[in-house]
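# Remarks on the overall topology
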Amino acid sequence: MRSETLKPKKRRMSNITLTMIKPDAFSKNFSGKIMDKIYDAGFTIRAMKLTRLSEERAKQFYAVHSERPFFNDLIRFMTSGPIIAAILEKDNAVDDFRKLIGSTNPEEAEEGTIRKAFAENIERNAVHGSDSNENAQIEASFFFSGKEIF
Ligand code: ATP
Ligand code: MG
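Residues numbered from 1 in each chain as written. Chains lettered and ligands numbered in written order. Predicted model: local features only at pLDDT ≥ 70, side-chain atom pairs only at ≥ 80, totals over all residues. Heavy atoms only, no water.

### Focus: the sheet that holds strand β2 (residues 44-51)
Across the sheet, four strands lie side by side as β2-β3-β1-β4; this open sheet has antiparallel pairing. Two strands bound the open sheet, and with one partner strand each, they are β2 and β4 (127-129). In this sheet, neighbouring strand axes are inclined to one another by 15° on average, regardless of whether the strands run parallel or antiparallel. Two strands pair when backbone bridges link them, and strand β1 (residues 16-21) and strand β3 (residues 83-89) are joined in this way by six bridges, in the antiparallel orientation. (Pairing = 2+ DSSP bridges. Helix = DSSP H or I, 4+ residues; strand = E, 2+ residues; numbered from the N terminus. Axes fitted to C-alpha atoms, helices over the stretch in contact; angles between N-to-C directions.)

In structure tokens form, the structure reads like this:
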């Protein structure tokens, strides 16, 4: 056997997005139904874990919103219980996943979207999806080491 066949397969980390099933949806046992919609839309899982954000980590993840009036509430919510973080793969993953989850405010989300079906309100909105390819890479590395990505 040639030595390079023993090395882990290096796959390009393109066409990925990072999602979180947020504490509201996880605590209501919506994770399975949400995952069904994600699979039905053609995404595959490269990495996945159940975890809980500390205050420090949540502030880091949402640093871009630190000056917004809803920031403290958002951090309280996102640290209130476990989340499922996952790296999803598909052609055009970032844009297609944003379409699948729907608008930030579930009242404005289209029928058939994850937020329309499972979100409570603009804050407790069930899922996160990366907003650019660059942020997808940053957010994937925030949650997963190379060994945890398949
Ligand atoms: P996410 O980044 O979680 O995928 P998003 O990109 O649709 O959501 P952002 O503008 O990035 O929305 O806001 C990040 C998160 O902050 C939202 O998902 C929501 O939980 C919360 N949030 C956003 N706007 C408000 C608001 N006006 N009031 C309360 N919470 C808000
Ligand atoms: Mg966002």
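From this point, the discussion proceeds with the structure in view.
### Describing helix α7 (residues 133-143)
Side chains of residues three or four places apart in an α-helix project in the same direction, reflecting 3.6 residues per turn. Buried within α7 are the following residues: Ala136, Glu139, Ala140, Phe142 and Phe143. On an axial view of α7, the arc spanned by its buried residues comes to 155°, and they lie on one face. In α7, the exposed positions angled more than 90 degrees off the buried face are occupied by Glu134 and Ser141. (Buried < 20%, exposed > 50% of the residue type's maximum accessible area, 1.4 Å probe, protein only. Arc of directions from axis to C-beta.)

### Structural notes on the packing of aromatic side chains
Applying the stated criterion across every chain, the model contains seven aromatic pairs. Look at Phe43 and Phe97: their rings are 5.4 Å apart centre to centre, the planes differ by 85°, and that puts the pair in the edge-to-face class. Of this pair, Phe43 sits in the loop between α2 (31-40) and β2 while Phe97 sits in helix α5 (residues 93-101), placing them 54 residues apart in sequence. Overall, Phe97 belongs to the buried group, its relative accessible area being 0%. Seen in terms of ring centroids, Phe142 and Phe143 are 5.0 Å apart; in terms of plane orientation they differ by 80°. Their pairing is edge-to-face. By relative accessible area, which is 6% here, Phe143 ends up buried. In textbook terms, an aromatic cluster arises when at least three aromatic residues are bridged by ring pairs, as seen for Phe61, Tyr62, Phe142, Phe143 and Phe144. Sitting over the ring of Phe142, Arg57 keeps its end group 3.8 Å from the ring centre. Arg57 extends its terminal NZ or CZ atom over the ring of Phe143, reaching a point 5.8 Å from the ring centre. (Phe/Tyr/Trp six-rings, centres within 6.5 Å; stacked < 30°, edge-to-face > 60°. Lys NZ or Arg CZ within 6 Å of the ring centre and 35° of its normal.)

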